[in-house]
Amino acid sequence: RQREVENTIEAKLFTALKNCRLIPLDADPSELDYSRCGRTDKGVSAAGQVVALRLRYQQPDRENPLLYDYPTMINRFLPDDIRVLGCKLVDSEFNARFGANKRHYKYFFLQDGTYNIREMEEAASKFVGLHNFRNFCKVCSLIPCA
């Protein structure tokens, strides 16, 4: 987590969560069982990121499993280019990073004549399909090895 950088989506999300009082004003993410499925580098866009953390909530019942409209509440405090699209109750053991069963990436490049598109397509073709990248990942004890 980029503690010293406040101009991140993550920092803006936490500010919004504090402003709508879904987390304590002095909360540290580590106290909220916070996890995220991924992160991006500066200047890189990301869509469909998943985060998990403990939020203030009312006890759900069968008719109203989520009594708060979390996306509407949080989006009121977020800039227009950052949106919460949905919310779901999860088990306390859920981890957004290690609970992901797939990831989907799209890369866009400006075609300004400096790239060899044929070579880029050839290299990218090696990533098409299903692959096991486990050796490139931090191993999590929550996921059984097959």
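This text gives an overview of the structure that appears in the document. Going along each chain's sequence as written, the residues are numbered from 1 onward. Totals for whole chains, interfaces and linings use every residue, but because this is a predicted model, local features are given only for residues with pLDDT of at least 70 and side-chain atom pairs only at 80 or more, for both listing and counting. Calculated side-chain values reflect all of the structure's heavy atoms, with hydrogen atoms and water omitted.

Some words on the overall build of the protein chain
And step 1. Secondary structure elements follow DSSP: runs of H or I of four or more residues count as helices, runs of E of two or more count as strands, with numbering from the N terminus. A count of helices and strands for the protein chain gives 3 helices and 2 strands.
And step 2. Secondary structure elements of the protein chain, listed N to C terminal, follow the sequence α-β-β-α-α.
And step 3. By the burial criterion, 19% of the 146 residues in the protein chain qualify as buried.
And step 4. Contacts are residue-level and defined by heavy atoms, with any inter-residue pair within 4.5 Å sufficient. Counting only contacts in the protein chain whose residues sit at least 6 apart along the sequence, the fraction spanning at least 24 positions is 47%.
And step 5. As displayed, the protein chain offers around 12,400 Å² of accessible surface, 52% of which is attributable to carbon and sulfur atoms. For every residue, the accessible area obtained with a 1.4 Å probe (protein chains only) is divided by the maximum for its type, and the residue is called buried under 20%, exposed over 50%, and partly exposed between those limits. Each accessible area value is a Shrake-Rupley result obtained with a 1.4 Å probe; residue values ignore everything except the protein chains displayed when judging cover.

Considerations on the packing of aromatic side chains
And step 1. Under the pairing criterion, centres of Phe, Tyr and Trp rings, with the six-membered ring standing for Trp, must be within 6.5 Å; the plane angle then separates stacked pairs below 30 degrees from edge-to-face pairs above 60, leaving the rest tilted. Under the criterion given, the structure shown has 2 aromatic pairs.
And step 2. Ring centres of Phe14 and Tyr34 lie 4.9 Å apart, and the angle between their planes is 80°; this geometry places the pair in the edge-to-face category. Of the two residues, Phe14 is situated in helix H1 (residues 9–19) and Tyr34 in the loop between H1 and strand S1 (35–36); the sequence distance between them amounts to 20 residues.
And step 3. Relative accessible area serves as the criterion here: at 6%, Phe14 is assigned to the buried category.

Comments concerning the side chain of Ser35
And step 1. Topologically, Ser35 is positioned in strand S1.
And step 2. A distance of 2.8 Å separates a polar side-chain atom of Ser35 from the backbone nitrogen of Ala96.
And step 3. Those residues in contact with Ser35 that lie beyond four places of it in its chain are Val50, Val51, Ala52, Phe94, Asn95, Ala96 and Arg97. Under this definition, polar contacts are N or O atom pairs within 3.5 Å; protein pairs additionally need one hydrogen-donor-capable and one acceptor-capable atom, and for neighbouring residues in sequence, both atoms have to be side-chain atoms.

Describing unusual backbone geometry
And step 1. The backbone of Arg21 sits at a positive phi, close to 60°, despite the residue not being glycine.
And step 2. Looking at the secondary structure, you find Arg21 in the loop between H1 and S1.
And step 3. Positive phi, close to 55°, is recorded for Asp33, a residue that is not glycine.

Some points on the side chain of Thr8
And step 1. Position of Thr8 relative to the elements: it lies in the segment before H1.
And step 2. Of the polar contacts made by the side chain of Thr8, one reaches the backbone nitrogen of Ala11; its length is 3.0 Å.

Here's the deal with the nonpolar core
And step 1. Note on terminology: a nonpolar core comprises buried Ala, Val, Leu, Ile, Met, Phe, Trp, Tyr and Cys residues joined through side-chain atoms within 4.5 Å. One finds Leu17, Leu22, Ile23 and Ile74 to be the most contacted residues of the largest nonpolar core, which totals 17 residues.
And step 2. Once residues lying within four places of it in the same chain are set aside, the contact partners of Ile23 are Phe14, Leu17, Lys18, Leu32, Leu53, Arg54 and Leu55.

Topic: the pattern of salt bridges
And step 1. The salt bridge criterion pairs a side-chain nitrogen of Lys or Arg with a carboxyl oxygen of Asp or Glu, the two atoms within 4 Å. Using the criterion set out here, one finds 3 salt bridges in the structure.
And step 2. Close ionic contact of Asp33 with Arg54 constitutes a salt bridge, the shortest N to O distance being 3.0 Å. In this pair, Asp33 sits in the loop between H1 and S1 while Arg54 sits in the loop between strand S2 (51–52) and helix H2 (70–75), placing the two residues 21 residues apart along the sequence.
And step 3. With a relative accessible area of 47%, Asp33 lands in the partly exposed category.
And step 4. Looking at Arg54, the relative accessible area reads 46%, which means it is partly exposed.
And step 5. Between Glu122 and Arg118 there is a salt bridge; the shortest N-O distance is 3.3 Å. In this pair, Glu122 and Arg118 both sit in helix H3 (residues 117–125), 4 residues apart, roughly one turn of the helix.
And step 6. We classify Glu122 as partly exposed; its relative accessible area is 44%.

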